[in-house]
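Observations on chain architecture
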Amino acid sequence: RASIVGQKNVQGAPDIVVEVLSEGTRRRDKTVKRRLYEQHGVTEVWIVDPDELSVTIIRGGGATVVTDTARSELLPGFTLDLHYVFAGEP
């Protein structure tokens, strides 16, 4: 969707958003921002929770909590090993 990228900014919702929760904005990220992403047509939202060592993947109004391998329907063949991500290894 390169067509939504302008010279100065992006005009439209991205297909995928990855939101990493932090202590100060945790509640807002999981409620307000999630609702905004859905209202504006983001197809897939990943909410990364470093405290729970999980990713919640939201697609089409449904949500799946993943603790091992995350996969995107928008990126065929892409997988993310959460054990590696949360271990903090380079």
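Attention here is on the structure that accompanies the text. These figures come from a predicted structure and were not determined experimentally.

As for the overall build of the protein
- For the protein, the count of helices and strands is 2 helices and 6 strands.
- For the protein, the α and β elements follow one another from N to C terminus as β-α-β-β-β-β-β-α.
- Referenced to the eigenvectors of the C-alpha coordinate spread, the extents of the protein come out at roughly 35 × 30 × 25 Å.
- Scored against the burial criterion, the 90 residues of the protein give a buried share of 27%.
- Once local pairs closer than 6 in sequence are excluded, the contacts in the protein between residues at least 24 apart make up 40%.
- Accessible area for the protein stands at about 6,200 Å²; split by element, carbon and sulfur atoms hold 52% of it.
- Taking the 11 positively charged and 13 negatively charged side chains of the protein as two groups, their mean positions are separated by 9 Å.

What about the packing of aromatic side chains?
- In this structure the tally under the stated criterion is 1 aromatic pair.
- Their ring planes at 40° and their centres at 6.2 Å tell us that Trp-46 and Phe-78 sit as a pair that is tilted. Taken together, the positions of Trp-46 in strand 2 (residues 44-49) and Phe-78 in the loop between strand 5 (69-71) and strand 6 (79-81) put the pair 32 residues apart, joining distant regions of the chain.
- Owing to a relative accessible area of 4%, Trp-46 belongs among the buried residues under this scheme.

A word on the environment of His-83
- Inspection of the secondary structure assignment puts His-83 in helix 2 (residues 82-87).
- According to the relative accessible area criterion, His-83 is exposed, its value standing at 54%.
- In contact with His-83, not counting residues within four places along its chain, are Thr-67 and Asp-68.

Points about the pattern of salt bridges
- Taken as a whole and judged by the stated rule, the model has 7 salt bridges.
- Residue Asp-49 pairs with Arg-26 through a salt bridge whose shortest N-O separation is 2.5 Å. Of the two residues, Asp-49 is situated in strand 2 and Arg-26 in helix 1 (residues 26-39); the sequence distance between them amounts to 23 residues. You'll find Asp-49 and Arg-26 in the same group, each marked buried.
- Glu-44 is the partner of Arg-59 in a salt bridge, and the nearest nitrogen-oxygen pair spans 2.7 Å. Here Arg-59 is found in strand 3 (residues 54-59), whereas its partner Glu-44 is found in strand 2, with 15 residues between them in sequence.
- The class of Arg-59 is partly exposed, set by a relative accessible area of 24%.
- Under the relative-accessibility criterion, Glu-44 is labelled buried at 1%.

So, how was this worked out
Residues numbered from 1 in each chain as written. Predicted model: local features only at pLDDT ≥ 70, side-chain atom pairs only at ≥ 80, totals over all residues. Heavy atoms only, no water. Helix = DSSP H or I, 4+ residues; strand = E, 2+ residues; numbered from the N terminus. Buried < 20%, exposed > 50% of the residue type's maximum accessible area, 1.4 Å probe, protein only. Contact = heavy atoms within 4.5 Å. Areas by Shrake-Rupley, 256 points an atom, 1.4 Å probe, with all protein chains shown as cover. Lys, Arg positive; Asp, Glu negative; His and termini not counted. Charge placed at Lys NZ, Arg CZ, Asp CG, Glu CD. Phe/Tyr/Trp six-rings, centres within 6.5 Å; stacked < 30°, edge-to-face > 60°. Salt bridge = Lys/Arg side-chain N within 4 Å of Asp/Glu carboxyl O.

Spatial relationships are all this shows, so hold off on functional conclusions.
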